[in-house]
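Architecture and fold: a report
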Amino acid sequence: MKNQVKKKATIYDLSILSGCSASTVSAVLNGTWRKRRIKESTAELIQNLAEQHQYTANLQARGLRSSRSGLVGLLLPVHDNRYFSSMAQTFEAEVRRHGKCPIVVSACRDPQEELATVETLISYSIDELFIAGATDPDSVHTLCEAAGIKHINIDLPGTKAPSVISDNYEGARMLTEAIIRSFGADNPLRPEELYLFGGRNDHASRERIKGFRDTKTAMLGSDPEECIQPTGYSPNMTQTAFERFYEREGKLPRGLFINSSINFEGLLRFMAQHPHETFADIVVGCYDYDPFGSFLPFPVIMIRQDIESMLAKAFSIMEEHRPAISVHLIQPDLVHPRTALKGPLDAIKDIDT
């Protein structure tokens, strides 16, 4: 039997064990606790716990750096979709343009893994950290602040550091309007024929659902509750949701708002299991961009998030001495289907993008 490797303790673990905040734990471990007037008994407790639970020693000096390493980190939730891989490529190019070295890592949408990964990055003496799509950006902020690391949130906002994100509400409004108008006056879409699939309880999904609901209500008059189908960011769960809908209704909704490319993959997996269905009468709107979507046998309207503008704004903010803790919205682009596609799309050319 193979020996199991014991996972090293993190600041987050020591915070729970000691009953102190992560910021307090960090101050004790980097030797600045006296300046913060932390009790000696508290410092001794944390130091003993750190030794007992094999806290990595080289992290203890992270707040005492006197020189810059030239390393700039990007923390991603995942690598395996076009949006985040494009963000990584754009980030790397921009960091190198500034004469520095990029480090790109992912934490698999796991809040504890995010903290452990950030601690490791700090131990390598990164100068700055761009936090993209973190599940708990404020806890990441606590670590960065204690270590003196400049940082900024991208894609999902936090409350304790500046954030640059896509205008998800406006993007959802544009996408929902485009889906509805694509059917035209002679074949209008009914409220019960337009569904949103995908997403979870995070800021981006909440804003997209709100934009979807507001636009659908304004244009179609109502938005039945069952027309929102959250599935998380999982192709398997999205596929299952479509299978259940298809078994119940015998068809798909005519209008589909898909919350991300990950959820869009779930739709395509479902379709692959039903090769005899043409799905010729549907219009799909995807809140993500993939050029291959335009070659599918049904119209796909897409939202392309402006990664270049988001990162340019983020780099600009990072150059400020004390940037304000505010959320900066970057408007995305609406991408129409190829005009060669046939279907209920004659009216889409009239949409104001």
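Residues numbered from 1 in each chain as written. Predicted model: local features only at pLDDT ≥ 70, side-chain atom pairs only at ≥ 80, totals over all residues. Heavy atoms only, no water.

Turning next to the sheet that holds strand S12 (residues 333-335). One open sheet holds the six strands; their spatial order is S7-S6-S8-S9-S10-S12, and the pairing between them is mixed. A strand with exactly one partner marks an edge of an open sheet, and here the two such strands are strand S7 (228-229) and S12. Relative to strand S8 (residues 255-258), strand S6 (residues 194-197) runs parallel, the two being bridged by four bridges. Across the sheet, residue Leu 194 finds its bridge partner in S8, namely Gly 255. On the sheet, helix H9 (residues 235-249) packs against S6 and S8 and is oriented at approximately 150 degrees with respect to S6. (Pairing = 2+ DSSP bridges. Helix = DSSP H or I, 4+ residues; strand = E, 2+ residues; numbered from the N terminus. Contact = heavy atoms within 4.5 Å. Axes fitted to C-alpha atoms, helices over the stretch in contact; angles between N-to-C directions.)

Below, the discussion takes up the layout of surface pockets. Space inside the largest pocket adds up to approximately 270 Å³. Lining the largest pocket are 17 residues; nearest its centre among them are Ile 149, Lys 150, His 151, Pro 162 and Pro 323. Of all the secondary-structure elements, those providing two or more residues to the lining of the largest pocket are helix H6 (137-147), strand S4 (150-154) and helix H11 (307-318). Per element, the largest residue contribution to the lining of the largest pocket is three residues, and it comes from S4. Partitioning the lining of the largest pocket into residue classes produces eight nonpolar, four polar and five charged. A volume near 230 Å³ is recorded for the second largest pocket. The biggest single contributor to the lining of the second largest pocket is helix H10 (residues 261-272), with five residues. Its residues placed into classes, the lining of the second largest pocket shows five nonpolar, three polar and four charged. (1 Å grid on protein atoms, 1.4 Å probe; cavity = no way out; pocket = protein on both sides within 12 Å on 5 of 7 lines; lining within 4 Å. Points joined across faces, edges and corners; volume = space filled by probe spheres on them. Nonpolar A, V, L, I, M, F, W, Y, C, P; charged D, E, K, R; others polar.)

What follows covers the pairing of S8. Taking every second residue as pointing to the same face, both faces of S8 are buried, with Gly 255 and Phe 257 on one and Leu 256 and Ile 258 on the other. Relative to strand S9 (residues 283-286), S8 runs parallel, the two being bridged by four bridges. Among the inter-strand pairings, Ile 258 is bridged to a residue of S9, identified as Cys 286. (Buried < 20%, exposed > 50% of the residue type's maximum accessible area, 1.4 Å probe, protein only.)

This brings us to the sheet that holds strand S11 (residues 327-330). The strand order across the open sheet built from six strands is S2-S1-S3-S4-S5-S11, with neighbouring strands paired in parallel fashion. Each having just a single partner strand, strand S2 (101-106) and S11 make up the two edges of the open sheet. Neighbour-to-neighbour, the strand axes of this sheet turn through a mean angle of 20 degrees, independent of strand direction. Packed onto the sheet, H11 meets strand S3 (128-132), S4, strand S5 (163-166) and S11 and runs at close to 155 degrees relative to S4.

A few words now on the packing of aromatic side chains. In this structure the tally under the stated criterion is 12 aromatic pairs. Taking the centre distance of 5.3 Å and the plane angle of 65 degrees together, the rings of Phe 91 and Phe 130 count as edge-to-face. A residue pair is termed long-range when its members are at least 10 positions apart, and Phe 91 in helix H4 (residues 82-97) and Phe 130 in strand S3 qualify at 39 residues. Residue class for Phe 91 comes out buried when judged on its relative accessible area of 0%. Look at Phe 130 and you get buried, because its relative accessible area is 0%. Seen in terms of ring centroids, Phe 212 and Phe 257 are 5.5 Å apart; in terms of plane orientation they differ by 75 degrees. Their pairing is edge-to-face. (Phe/Tyr/Trp six-rings, centres within 6.5 Å; stacked < 30°, edge-to-face > 60°.)

Further remarks concern the environment of Glu 226. Position of Glu 226 among the secondary structure elements: in the loop between helix H8 (203-220) and S7. Each C-alpha atom, one on Glu 226 and one on Ile 180, is 18 Å from the other, the two residues being 46 residues apart in sequence.

Let us look at empty space enclosed by the protein. A probe matching the size of a water molecule, rolled over the atoms, marks out where space remains unfilled. Under the counting rule described, the total for this entry stands at one cavity of 30 Å³ or more. Roughly 170 Å³ of volume is contained in the largest cavity. Taken together, 18 residues make up the lining of the largest cavity; nearest its centre are Phe 84, Arg 109, Asp 155, Arg 208 and Tyr 233. Taken together, the elements giving at least two residues each to the lining of the largest cavity come down to H4, H8 and H10. For the lining of the largest cavity, the per-class residue count stands at eight nonpolar, five polar and five charged.

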